[in-house]
Amino acid sequence: MPRATSILAATTVAGIAASVWLFLDNRSLRDELAERPIPVVAEAPRPVDKPGLLDPKPKSPATSVGERPSLPTPKDESRMERRQRRTEEFGATFGRLEGETEEEYKARVMPMVTLGLATQRLKLIEMRRVAEENAKVTPAQSAELDKAFNKVYEEALDYTNKAVGDGQLSPYERNVAGWLDYAGGLGGILTNVNGQIGKILDPGQVKAISESGFEWGEYLGVNAPWENLKPPPPRPK
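Position numbers for residues start from 1 in each chain and track the written sequence from start to end. Totals for whole chains, interfaces and linings use every residue, but because this is a predicted model, local features are given only for residues with pLDDT of at least 70 and side-chain atom pairs only at 80 or more, for both listing and counting. The side-chain quantities take in all heavy atoms of the structure and omit both hydrogens and water.

**Thoughts on the pattern of salt bridges**
Working step 1: The term salt bridge refers to a pairing of a side-chain nitrogen on Lys or Arg with a carboxyl oxygen on Asp or Glu at a separation within 4 Å. This model, assessed by the stated rule, comprises 11 salt bridges.
Working step 2: One salt bridge in this structure joins Arg128 and Asp146, with 2.7 Å as the shortest N-O distance. Taken together, the residues span a long stretch of sequence, with Arg128 in helix α3 (residues 102-134) and Asp146 in helix α4 (residues 139-165) at a distance of 18 residues.
Working step 3: Under the scheme applied here, a residue whose accessible area is under 20% of the maximum for its type counts as buried, over 50% as exposed, and between as partly exposed, the area being computed with a 1.4 Å probe on protein chains only. A residue is classified by how much of its surface remains accessible, and Arg128, at 6% relative accessible area, is buried.
Working step 4: When its relative accessible area of 33% is taken as the criterion, Asp146 is described as partly exposed.
Working step 5: For Glu133, the salt bridge identified is with Arg129, shortest N-O distance 3.2 Å. Of this pair, Glu133 and Arg129 are both found in helix α3, four residues apart, which corresponds to roughly one turn of the helix.
Working step 6: What you see here is one network of salt bridges that share partners, running through Glu77, Arg82, Arg85 and Glu89. For helices the rule is a DSSP run of H or I covering at least 4 residues; for strands it is a run of E covering at least 2, with both sets numbered from the N terminus onward.

See the structure below:
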């Protein structure tokens with residue numbers, strides 16, 4: 001597989017998983033913060049009473065300096081246990097719940113996927129606009145690119161649906177080998193994209209877009225309509 005195609009495959013797979021990873025990573029951060037002991041702030045010493053001045057109201061013993069409510073014992077969790085917990089959270093969030101229909105799954109999960117990708121999609125759409133403007137891409141050329149991308153999106157969704165249905169991409173377990181195989185197959189799909197882009201844009205335009213820092217693989221990975229994927233099968237028993 002050519003190096004450029006490998007990069008496109010990797011960035012596209014990264015785009016697919018972006019919202020999922022951020023969601024789980026943010027949850028794990030909140031968990032870790034919740035598990036940390038509450039910091040105890042030292043009280044400032046009481047001012048020394050001046051001679052002849054008496055405290056009109058003696059302090060109650062319940063509020064004397066040094067007394068603290070007991071703190072919960074921090075949960076001791078190893079790295080492997082945390083990793084396993086995140087895998088279970090992933091499955092509970094993006095897998096099928098017991099008795100859940102496909103329609104119920106889509107109503108529960110797909111809005112979360114859309115929300116997770118929304119900011120990055122807007123960012124990359126604007127980056128593409130700036131890159132095409134710098135490369136002097138015409139509106140007609142941009143429309144041709146969109147038409148080519150729509151065909152790729154359809155093929156990528158079909159390929160991903162099959163990978164999910166076959167268990168190659170499963171929300172219930174870590175399968176790094178399966179992810180790598182999936183990325184390799186996706187690279188073949190993206191090879192056709194490179195060819196189509198080269199037919200629509202001239203070499204100078206392709207170079208100008210590349211030098212601008214814009215990457216088609218990242219754009220395709222984030223802007224593909226992943227909300228249209230089929231739900232995964234129920235969790236194996």
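Picking up where we left off.
**Some points on the nonpolar core**
Looking at soluble globular proteins, one finds that nonpolar side chains tend to be buried together.
Working step 1: Counting 37 residues, the largest nonpolar core has Phe149, Leu201, Ile209, Trp216, Tyr219 and Trp226 as the members making the most contacts within it.
Working step 2: At the level of secondary structure, the elements contributing two or more residues to this core comprise α3, α4, α5 (176-200) and α7 (216-223). Take the buried residues of types Ala, Val, Leu, Ile, Met, Phe, Trp, Tyr and Cys, join any two whose side-chain atoms come within 4.5 Å, and each joined set is a nonpolar core.

**Focus on the packing of helix α2 (residues 79-94) against α3**
Packed helix pairs are characterised by how far apart their axes lie and by the angle those axes make with each other.
Working step 1: Fitted lines through C-alpha atoms give the axes, limited to the stretch in contact for helices. The angle between two N-to-C directions lies from 0 to 180 degrees. Contact geometry for α2 and α3: axes closest at 9 Å, N-to-C directions at 115 degrees. On α3, the residues touching Ala92, Thr93 and Phe94 of α2 are Tyr105, Arg108, Val109, Met112 and Val113.
Working step 2: Considered class by class, the residues forming the contact of α2 with α3 number six nonpolar, one polar and one charged. The contact definition used throughout considers only heavy atoms, calling two residues in contact when any of these lie within 4.5 Å. Residue polarity follows a fixed list, in which Ala, Val, Leu, Ile, Met, Phe, Trp, Tyr, Cys and Pro are nonpolar, Asp, Glu, Lys and Arg are charged, and the others, Gly among them, are polar.

**Description of the environment of Leu186**
Working step 1: With respect to the helices and strands, Leu186 occurs in helix α5.
Working step 2: A relative accessible area of 1% places Leu186 in the buried class.
Working step 3: The sequence separation of Leu186 and Tyr159 amounts to 27 residues, and the corresponding C-alpha distance is 7.8 Å.

**Structural notes on α4**
Working step 1: In this model α4 runs 39 Å from its N-terminal to its C-terminal C-alpha over 27 residues, within 8% of the 39 Å that 1.5 Å per residue would give.
Working step 2: Two residues or fewer past α4, Gly167 is found with a positive phi of approximately 90 degrees. Multiplying 1.5 Å by the residue count of a helix minus one yields the expected span of that helix.

**Observations concerning the side chain of Thr160**
Working step 1: Within the secondary structure, Thr160 is located in helix α4.
Working step 2: Among the polar contacts listed, one links the side chain of Thr160 to the side chain of Tyr182, at a separation of 2.5 Å.
Working step 3: In this structure Thr160 touches Leu169, Tyr182, Trp226 and Leu229, once residues within four positions along its chain are discounted. Think of a polar contact as two N or O atoms within 3.5 Å of one another; within protein, one of them needs to be a possible hydrogen donor and the other a possible acceptor, and neighboring residues in sequence only count if both atoms come from side chains.

**Remarks on the packing of aromatic side chains**
Working step 1: Pairing of aromatic rings covers Phe, Tyr and Trp, the last through its six-membered ring, and needs centres within 6.5 Å; plane angles under 30 degrees mean stacked, over 60 mean edge-to-face, and all others mean tilted. In this structure the tally under the stated criterion is seven aromatic pairs.
Working step 2: Ring geometry for Phe90 versus Phe94: centroids 5.3 Å apart, planes at 40 degrees, classification tilted. Residue Phe90 and its partner Phe94 are located together in helix α2, separated by four residues, close to a single helical turn.
Working step 3: Judged by its relative accessible area of 27%, Phe90 is partly exposed.

**Some thoughts on a nonpolar patch on the surface**
Working step 1: Patches here: salt-bridge-free residues with over 30% relative accessible area, like charges joined within 9 Å, nonpolar side chains (Val, Leu, Ile, Met, Phe, Trp, Tyr) joined within 5 Å. A 1.4 Å probe and the Shrake-Rupley method give the accessible areas. Residues count as covered only by the protein chains that appear here. The grouping of Val176, Trp179 and Leu180 at the surface amounts to a nonpolar patch, some 300 Å² of accessible area in total.
Working step 2: With respect to the helices and strands, Leu180 occurs in helix α5.

**Structural notes on the confidence of the model for the chain**
Working step 1: In this model, the chain carries a mean pLDDT of 79, and residues with pLDDT of at least 70 account for 68%.
Working step 2: Counting interchain partners and residues more than four positions distant, the pLDDT-below-50 stretch residues 1-12 has 20 contacts.
Working step 3: Below a pLDDT of 50 lies the segment residues 17-25, which in the model reaches 12 contacts outside its immediate sequence neighbourhood of four places, other chains included. Summary of the metric used: pLDDT quantifies the predictor's per-residue confidence within the range 0 to 100.

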